[in-house]
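Structure at a glance
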Amino acid sequence: MLILIRRSLLILLLVCLGCVAQSAPPDMARKIEHQVRAFYNIPAEVKVTVGAITPSSEMPGYDGVAVNIDGGDGKQKDYKFLLSKDRTTLLRLTKFDLTKDPFAELMSKIDINGRPSRGPKSAKVLVVNFDDFECPFCSRMHQTLFPEIFKEYGDRVTFVYKDYPLAEIHPWAIHASVDANCLAAQNFDAYWDFADYIHANKHEVDTEKTPGGRFEAIDRIAMLQGQKHNVDVVKLQSCVKAQNDGAVRASMKEADGLGVNATPTLFINGQKIDGAVPASEVRAALDAALKDAGEPVPQHIPSAPEPLSR
């Protein structure tokens, strides 16, 4: 009798679970998959799996359905959709939590402790640039920020650089980042002078014919900057020779977690800017951040028009 009661309870539990979650019929799962693939332009090699259909309180007349997207690289994610009761409409509902500031949350994930900075440390606007010393677009952005943007905003904005060398395509970028950090460990001004010089004169490194020659050129530049700023030369030389890239790798991992996948990538109080955008776009983001922080926006002097080509 006890066994019979247990079986009855088990059957009842399974029935109840079936009321909560129902597998999508094959035909419906196929329709949903096709819609998702077409709308998001998902390649054929990426696996799309339609999950169970469940009751939803998000919107009257709709159930919920999860769609799993698996690219085969260990990175898979579930996306929630709404499916109409008559099974004719699929919706993607995006909810925003207005009790949280997504910009502030993003900036809280960026560790700037011990990083060299330009501008007042007490500034209410922070610019973090994930930089690659070998990247030509980073050189362009660096020239935009220093001195052009810095002249206008340097008294009210803090600028910080972090490392994101694209080692797959820039073979000496990690080495340069390590040397820069060796300088920063002793003198922040030496770090910035090194960054200024490399971004303006990277051809001096590129013209070396061998990888070893390029590394030696970077080391020479680093040592010259160190001597210029009277750092402990022996300590600097030891750091440069050791090439400990732990801090650089940590910065790269942090950037990956923030969705960085190219350089340069700027975060201006949480607003992300990808690529070597024009100075006007950087100014617009800085002005918006200053206004949000209740700070005055600097007056912008219009640039002189370029001469007409003949």
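Keep in mind it's a predicted model, so treat the numbers as computed, not measured. (Residues numbered from 1 in each chain as written. Predicted model: local features only at pLDDT ≥ 70, side-chain atom pairs only at ≥ 80, totals over all residues. Heavy atoms only, no water.)

1. Re the overall build of the chain
- Per the secondary structure count, the chain includes 11 helices and 10 strands.
- Relative to its length of 310 residues, the chain is extended, with a C-alpha radius of gyration of 27 Å against a globular reference of 19 Å.
- For the chain, the spread of C-alpha atoms along the three principal axes comes to 90 × 45 × 45 Å.
- Looking at the chain as a whole, 41% of its 310 residues qualify as buried.
- Of all intrachain contacts in the chain linking residues separated by at least 6 positions in sequence, the fraction that spans at least 24 positions is 65%.
- A total accessible area of about 18600 Å² is found for the chain, and carbon and sulfur atoms account for 56% of it.
- The average position of the 36 basic charges and that of the 40 acidic charges among the side chains of the chain differ by 6 Å. (Helix = DSSP H or I, 4+ residues; strand = E, 2+ residues; numbered from the N terminus. Rg over C-alpha atoms; globule rule 2.2 N^0.38 Å. Buried < 20%, exposed > 50% of the residue type's maximum accessible area, 1.4 Å probe, protein only. Contact = heavy atoms within 4.5 Å. Areas by Shrake-Rupley, 256 points an atom, 1.4 Å probe, with all protein chains shown as cover. Lys, Arg positive; Asp, Glu negative; His and termini not counted. Charge placed at Lys NZ, Arg CZ, Asp CG, Glu CD.)

2. Focus on the state of the cysteines
- As enumerated under the stated definition, the model contains one disulfide in all.
- Paired through a disulfide, Cys 182 and Cys 239 show a sulfur-sulfur distance of 2.1 Å. Judged by the sign of its S-S torsion, about -80 degrees, the cystine formed by Cys 182 and Cys 239 is left-handed. With Cys 182 in helix H5 (residues 173–184) and Cys 239 in helix H9 (residues 233–242), the pair connects residues that are 57 residues apart, well separated along the chain.
- Relative accessible area serves as the criterion here: at 30%, Cys 239 is assigned to the partly exposed category.
- We note that Cys 135 lacks a disulfide partner, and the nearest cysteine sulfur, in Cys 138, lies 3.3 Å from it. (Disulfide = S-S within 2.5 Å.)

3. As for the pattern of salt bridges
- One pass over the full model with this rule turns up 17 salt bridges.
- Arg 156 is the partner of Asp 155 in a salt bridge, and the nearest nitrogen-oxygen pair spans 3.1 Å.
- Judged by relative accessible area, Asp 155 falls into the exposed class, the value being 53%.
- Residue Asp 274 is joined to Lys 272 by a salt bridge in which the shortest nitrogen-to-oxygen separation is 3.9 Å.
- The partly exposed category is assigned to Lys 272, whose relative accessible area is 34%.
- If you follow the salt bridges from partner to partner, you end up with Asp 27, Arg 30 and Lys 31 in one network. (Salt bridge = Lys/Arg side-chain N within 4 Å of Asp/Glu carboxyl O.)

4. What to know about the sheet that holds strand E4 (residues 76–84)
- The strand order across the open sheet formed by five strands is E1-E2-E3-E4-E5, and the pairing between neighbours is antiparallel. Each edge of the sheet is formed by a strand with only one pairing partner; in this case those strands are strand E1 (22–23) and strand E5 (90–91).
- With two bridges connecting them, E4 and E5 associate as antiparallel partners. Residue Leu 83 lies in a different strand from E5, and its bridge partner there is Leu 90.
- In the packing of helix H2 (residues 26–40) onto the sheet, contacts are made with strand E2 (47–55), strand E3 (62–70), E4 and E5, and the angle to E2 comes to roughly 125 degrees. (Pairing = 2+ DSSP bridges. Axes fitted to C-alpha atoms, helices over the stretch in contact; angles between N-to-C directions.)

5. A short note on the nonpolar core
- Membership of the largest hydrophobic core comes to 59 residues, with the highest contact counts inside it found for Phe 133, Leu 145, Phe 194, Ile 268 and Leu 286.
- Ranked by the residues each element gives to this core, the list is headed by H5, at seven residues.
- Not counting residues within four places of it along the chain, the set of residues in contact with Phe 133 comprises Trp 172, Ala 176, Ser 177, Ala 180, Tyr 191, Phe 194, Ala 195, Ile 198, His 199 and Lys 202.
- Within the second largest apolar cluster, 15 residues are counted, among which are Ile 32, Ile 42, Ile 53 and Val 67. (Core = buried A, V, L, I, M, F, W, Y, C linked by side-chain atoms within 4.5 Å.)

6. Thoughts on helix H6 (residues 188–201)
- The terminal C-alpha atoms of H6 lie 20 Å apart, and with 14 residues this matches the ideal 20 Å at 1.5 Å per residue to within 8%.
- Among all positions of H6, only Ala 190, Tyr 191, Trp 192, Asp 193, Phe 194, Ala 195, Ile 198, His 199 and Asn 201 are buried.
- Capping of H6 at its N-terminal end is provided by Asn 187; its side-chain oxygen lies 2.9 Å from the backbone amide nitrogen of Asp 189. (Expected span 1.5 Å × (residues − 1). Polar contact = N/O pair within 3.5 Å; in protein donor to acceptor, adjacent residues only side chain to side chain.)

7. A few points about the side chain of Arg 118
- Within the secondary structure, Arg 118 sits in strand E6 (residues 117–118).
- The contacts of Arg 118, once residues within four sequence positions are left out, are Phe 146, Phe 150, Val 157, Thr 158, Phe 159, Trp 192 and Asp 196.

8. Points about the sheet that holds strand E7 (residues 125–131)
- Spatial strand order, E6-E8-E7-E9-E10: five strands in an open sheet with mixed pairing. At either end of the open sheet lies a strand with only one pairing partner, and these are E6 and strand E10 (271–274).
- Strand direction decides the pairing type here: E7 and strand E9 (residues 265–268), joined by four bridges, are antiparallel. Bridge assignment links Val 127 to a residue of E9, and that residue is Ile 268.

9. Section: the confidence of the model for the chain
- Predicted confidence across the chain gives a mean pLDDT of 91, with 90% of residues reaching 70 or more.
- Note that residues 8–19 has pLDDT below 50 and, in this model, one contact with residues that lie over four places away or in other chains. (pLDDT = per-residue confidence, 0-100.)

10. Considering unusual backbone geometry
- With an omega dihedral of 15 degrees, the bond running from Phe 146 to Pro 147 counts as a cis peptide bond.
- Thr 263 connects to Pro 264 through a cis peptide bond whose omega is -5 degrees.
- With respect to the element layout, Pro 264 can be found in the loop between helix H10 (246–257) and E9.
- You will see that Asn 269, though not glycine, has its phi angle at about 50 degrees, which is positive.

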